[in-house]
Amino acid sequence: APEPLYDPLAFTIAECRKRGLDIHVWLNPYRSLRDTAVNLTAPDHITRTHPEWFVTYGSTVYFDPGLPQTRDHVACVVSDIVRRYDIDAIHMDDYFYPYRIAGIDFPDNHSFNAYGGAFKADKRDDWRRHNVDLIIQQIHDSISAINPAVEFGISPFGVWRNIYKDSTGSATKAGQTNYDDLFADILKWQKEGWIDYVVPQLYWQIGFKVADYAVLADWWNRNTYGCPLYIGQAFYRIDRKSQTKAWRSADEIIRQVNLNRTFPNIGGSMFFSAKYMRTNPLRLKQKLLRQVYPLSALPAGKPRLAPIVPDRPGNATFSVNGKKLELAWEKGQHTKNFIIYKFRKGVPPDSSVTESIYMVTNEASVTIDLNRKTKLSRYLYAITAQSNTNTESEPVFFQLKSSQ
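Here the structure is a predicted model, which means the values were calculated and not measured.

Draft legend 1. Inspection of the overall build of the protein at higher detail. A count of helices and strands for the protein gives 11 helices and 17 strands. Principal axes of the C-alpha set define a box for the protein whose edges measure 80 × 45 × 40 Å. The buried share among the 404 residues of the protein stands at 47%. Taking the contacts inside the protein whose residues are at least 6 apart along the sequence as the reference set, 69% of them involve residues at least 24 apart. Put simply, the protein shows about 20900 Å² of open surface, and 52% of that area lies on carbon and sulfur atoms. Here the protein carries 50 positive and 42 negative side-chain charges, and the mean point of each set is 10 Å from the other.

Here it is in structure tokens:
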């Protein structure tokens, strides 16, 4: 291990802040040991110190969601992260109760007998949903109490319920669903305000008969209940050798993004996963930049959180030193990042125009190389501050630094 001890989350936060990126900490709430055949846990691992909190289902060890002790532990872990790190959100994955294994029931008789008293034996599924409701509410309340600028987001399986089970469900035939199999009542959490955004994993192609991307994008768009909605999309499926024709081209992702933009409540995309920006299957990166993402954009707002308004940057000045433009300013309170805008003179400056974003930084000065194409006399530069709720200050224009 490096010395001093390497903290990967602290390193990630520091590097992303330099680039104006938000940090959403991705967690699986209940999965503890993925494969019992390869148990490399330390002697003080929680599955060894508190084995009574866990059950084995298939080859995976899970916290028992029916136990208040496990809910408290998960909430404590989340609280510790929120308390000690400068993050923007906690992001829960789709693993609540595990996906069903055919012919094997989840082994929670012990916790049901101990804590399921208000539920009859034939209502165990309702009890399981109640357990997950409890931990979602507890995590939400914990985050809000510690740092009300941190969001709590959920990335659920793409189908809430099939329409043949519930008239309000989607026109799909998914083999498993959030409500009936994972016991995750996503819509309830959206209605109750327990989550601050939702990212359904629509990892199928447009036209897929069992779970059509287009059908599901439309369904989620109509069932937000005021909760910000982004769509999880499947970079990982792009493969020239895919058995599914649609995924033999990166164009499927382009079609999906363009479809998303026709729905008023879809605020953007989250892609699984980032490594495919490096491996770049079938020129995915070039197609995205050319066809759907040619411009810079700021991190999304946090409409379910109380806005924190940052101070405007102070004493914003510029000077020219040879072929370099030097911008400097002072940081006020409640500031996470600074956004520098570049406006052409003669055109009314408008910070809502995406083309005007020049850069995002958390530093208090930047140096810009001037070349023959950059005619300083043709442009104005302005700066805003951005708070932890992604609220922007009013812009301040840079003024020529007075000579000493």
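There's more to say after this.
Draft legend 2. Local environment of the pairing of strand β14 (residues 365–369). The two faces of β14 differ: Val366 and Ile368 on one face are buried, but Ser365, Thr367 and Asp369 on the other face are not. Here 5 bridges tie strand β11 (residues 324–330) to β14, and the two strands are oriented antiparallel to one another. Within β14, the residue paired with Leu327 across the bridge is Val366.

Draft legend 3. Region of the structure containing the sheet that holds strand β16 (residues 396–397). Taken together, 4 strands build an open sheet; the order of strands is β13-β12-β15-β16 and the sheet is antiparallel. The sheet terminates laterally at β13 (357–361) and β16, the two strands that pair on one side only. Pairing of strand β15 (residues 379–386) with β16, which is carried by 2 bridges, proceeds in the antiparallel orientation. Bridge pairing in β16 links Ala382 to Phe397.

Draft legend 4. Region of interest: the packing of aromatic side chains. Per the counting criterion, the structure on display carries 25 aromatic pairs. Seen in terms of ring centroids, Phe96 and Trp189 are 5.4 Å apart; in terms of plane orientation they differ by 70°. Their pairing is edge-to-face. Taken together, the residues span a long stretch of sequence, with Phe96 in the loop between β5 (89–92) and α4 (109–115) and Trp189 in helix α7 (residues 186–192) at a distance of 93 residues. Side by side, Phe96 and Trp189 carry an identical accessibility label, which is buried. Relative to Phe106, the ring of Tyr97 lies with its centre 5.3 Å away and its plane at 75°, an arrangement referred to as edge-to-face.

Draft legend 5. Layout of unusual backbone geometry. Residue Ser273 is reached from Phe272 by a cis peptide bond, and omega for that bond is 0°. When you line up the elements, Ser273 lands in the loop between β9 (266–272) and α10 (275–279). In this structure, Leu282 is a non-glycine residue whose phi angle is positive, near 50°. Residue placement: Leu282 occurs in the loop between α10 and α11 (284–292). In this model, Asn390 sits at a positive phi of 60°, which is unusual for a non-glycine residue.

Draft legend 6. Highlighting the pattern of salt bridges. In the structure shown here, the tally under the stated rule is 21 salt bridges. Between Lys336 and Asp22 there is a salt bridge, and its shortest N-O distance comes to 2.9 Å. Note that Lys336 is positioned in the loop between β11 and β12 (337–344) and Asp22 in the loop between α1 (8–18) and β1 (24–27), a separation of 314 residues in sequence. Here Lys336 falls in the buried class, since its relative accessible area comes to 6%. For Arg84, the salt bridge goes to Asp80, with nearest N and O atoms at 2.9 Å. Placement of both Arg84 and Asp80 in helix α3 (residues 68–84) is noted, with a separation of 4 residues, approximately one turn of the helix. For Arg84, a relative accessible area of 53% puts it in the exposed group. The exposure class assigned to Asp80 is partly exposed, which follows from its relative accessible area of 30%. Residues joined by salt bridges that share partners form a network here, namely Arg17, Asp22, Asp86, Asp88, Lys302 and Lys336.

Draft legend 7. A look at the side chain of Arg129. The residue Arg129 is located in helix α5 (residues 124–146) in this model. On the basis of relative accessibility, which here comes to 9%, the residue Arg129 falls in the buried class. At a separation of 2.6 Å, a polar atom in the side chain of Arg129 contacts the main-chain carbonyl oxygen of Tyr179.

Draft legend 8. Looking closely at the sheet that holds β11. Pairing within the open sheet is mixed, and its 4 strands lie in the order β14-β11-β10-β17. Every other strand in the sheet has two partners, leaving β14 and β17 (399–400) as the edge strands with one partner each. Two strands pair when backbone bridges link them, and strand β10 (residues 314–321) and β11 are joined in this way by 6 bridges, in the antiparallel orientation. Its bridge partner lying in β11, Ser319 is registered against Glu326.

Draft legend 9. Here's a closer look at the nonpolar core. Grouped together as the largest cluster of nonpolar side chains are 64 residues, with contacts concentrated most on Ile87, Ile90, Ile136, Trp189 and Trp220. In terms of residues, this core owes the most to one element, α5, which gives 6 residues. Look past the residues within four positions of Trp220 in its chain and what remains in contact with it is Pro156, Phe157, Gly158, Trp160, Ile186, Leu187, Gln190, Val198, Pro200, Leu202 and Leu229.

Draft legend 10. Region of interest: the environment of Asn260. Along the polypeptide, Asn260 turns up in helix α9 (residues 251–260). Along the primary structure Asn260 and Ser365 are separated by 105 residues, whereas in three dimensions their C-alpha atoms are 37 Å apart. Look past the residues within four positions of Asn260 in its chain and what remains in contact with it is Tyr213, Ala217, Ile231, Gln233, Ile266 and Ser269. Here the side chain of Asn260 touches Ser269 through a polar contact of 3.4 Å, side chain to side chain.

Thresholds applied
Residues numbered from 1 in each chain as written. Predicted model: local features only at pLDDT ≥ 70, side-chain atom pairs only at ≥ 80, totals over all residues. Heavy atoms only, no water. Helix = DSSP H or I, 4+ residues; strand = E, 2+ residues; numbered from the N terminus. Buried < 20%, exposed > 50% of the residue type's maximum accessible area, 1.4 Å probe, protein only. Contact = heavy atoms within 4.5 Å. Areas by Shrake-Rupley, 256 points an atom, 1.4 Å probe, with all protein chains shown as cover. Lys, Arg positive; Asp, Glu negative; His and termini not counted. Charge placed at Lys NZ, Arg CZ, Asp CG, Glu CD. Pairing = 2+ DSSP bridges. Phe/Tyr/Trp six-rings, centres within 6.5 Å; stacked < 30°, edge-to-face > 60°. Salt bridge = Lys/Arg side-chain N within 4 Å of Asp/Glu carboxyl O. Polar contact = N/O pair within 3.5 Å; in protein donor to acceptor, adjacent residues only side chain to side chain. Core = buried A, V, L, I, M, F, W, Y, C linked by side-chain atoms within 4.5 Å.

Take it as geometry only, folks, not as evidence of what the structure does.
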